[in-house]
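# Structure at a glance
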Amino acid sequence: MSAPDVPALEEQERRLVLDSFTYDDAWALGTLLVELARERRAPVAVDITRGGQQLFHAALPGSTPDNDAWIARKRRVVERYQSSSYLVGSRFRAKGTTFEDSSRLDPDAYAAHGGAFPLTVRGAGVVGVVVVSGLPQIEDHALVVEALERFIAAA
């Protein structure tokens, strides 16, 4: 799997915008992610928050408590930058540096690694975050994007 560049990542965020995001939507998106992960036997944890409230969380076989720590760190990046954790890290790399070296943020609290994606509602902006942790960062990111594409297509 090749890494998408910054323009491709930005295009994903422009395209993956929701009309609304309810508690029921969090359940539907979360269970879709769990189904996709189970089909692939992916050892991941899945988390969805909206407005600071955790609406969905699941840990699949092979995931560990460390995945929950990664979820929290990646979610904070999305909340701070209003962009996917993978895009934030990619923007730093495109400038010839790293998030860890240049963001001036505590790496124990923030991780610009793929897998956290903003839940953006048309007319409202970023209202929450969906996160997957347990695979290499590009695969975490791709799993979230695939689930959002399917979720939006089914709406």
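Scroll up a little and you will see the structure.
Note that this is a predicted model, so its numbers are computed, not measured. (Residues numbered from 1 in each chain as written. Predicted model: local features only at pLDDT ≥ 70, side-chain atom pairs only at ≥ 80, totals over all residues. Heavy atoms only, no water.)

## A short note on the nonpolar core
- The biggest cluster of nonpolar side chains holds 29 residues, and the ones touching the most others in it are F21, L29, I48, L119, V130 and L148.
- Those elements that place two or more of their residues in this core are α2 (23-39), β2 (45-50), β3 (53-59), β4 (116-121), β5 (125-133) and α6 (137-154).
- It is α2 that contributes the most residues to this core, seven residues altogether.
- Discounting chain neighbours no more than four positions away, the residues touching F21 are A26, L29, I48, R50, L119, V121 and V127.
- Residues V88, F99, Y110 and A112 belong to the second largest nonpolar core, which totals eight residues. (Core = buried A, V, L, I, M, F, W, Y, C linked by side-chain atoms within 4.5 Å. Buried < 20%, exposed > 50% of the residue type's maximum accessible area, 1.4 Å probe, protein only. Helix = DSSP H or I, 4+ residues; strand = E, 2+ residues; numbered from the N terminus. Contact = heavy atoms within 4.5 Å.)

## Some words on the sheet that holds β2
- Taken together, the five strands give an open sheet; going across it, the order is β1-β4-β5-β2-β3, and neighbouring strands pair in mixed fashion. The open sheet has two edge strands with one neighbour each: β1 (17-18) and β3.
- Where β2 and β3 come together, six bridges link them in antiparallel fashion. For T49, the partnering residue across the bridge sits in β3 and is Q54.
- Sheet strands touched by α6: β1, β4 and β5. Its angle to β5, the strand with the most contacts, is close to 130 degrees. (Pairing = 2+ DSSP bridges. Axes fitted to C-alpha atoms, helices over the stretch in contact; angles between N-to-C directions.)

## Quick notes on the packing of α2 against α6
- For the pair α2 and α6, the least separation of the axes is 10 Å and the interaxial angle reads 125 degrees. With respect to α6, the axis of α2 lies oblique. Between α2 and α6 lies a crossing of right-handed hand. Residues D25, A28, L29, L32, L33, L36 and A37 of α2 pack against L143, V144, E146, A147, L148, R150 and F151 of α6.
- Classifying every residue of the contact of α2 with α6 gives eleven nonpolar, no polar and three charged. (Parallel < 35°, antiparallel > 145°, perpendicular 65-115°, else oblique. Left-handed = near helix turned anticlockwise from the far one by under 90°. Nonpolar A, V, L, I, M, F, W, Y, C, P; charged D, E, K, R; others polar.)

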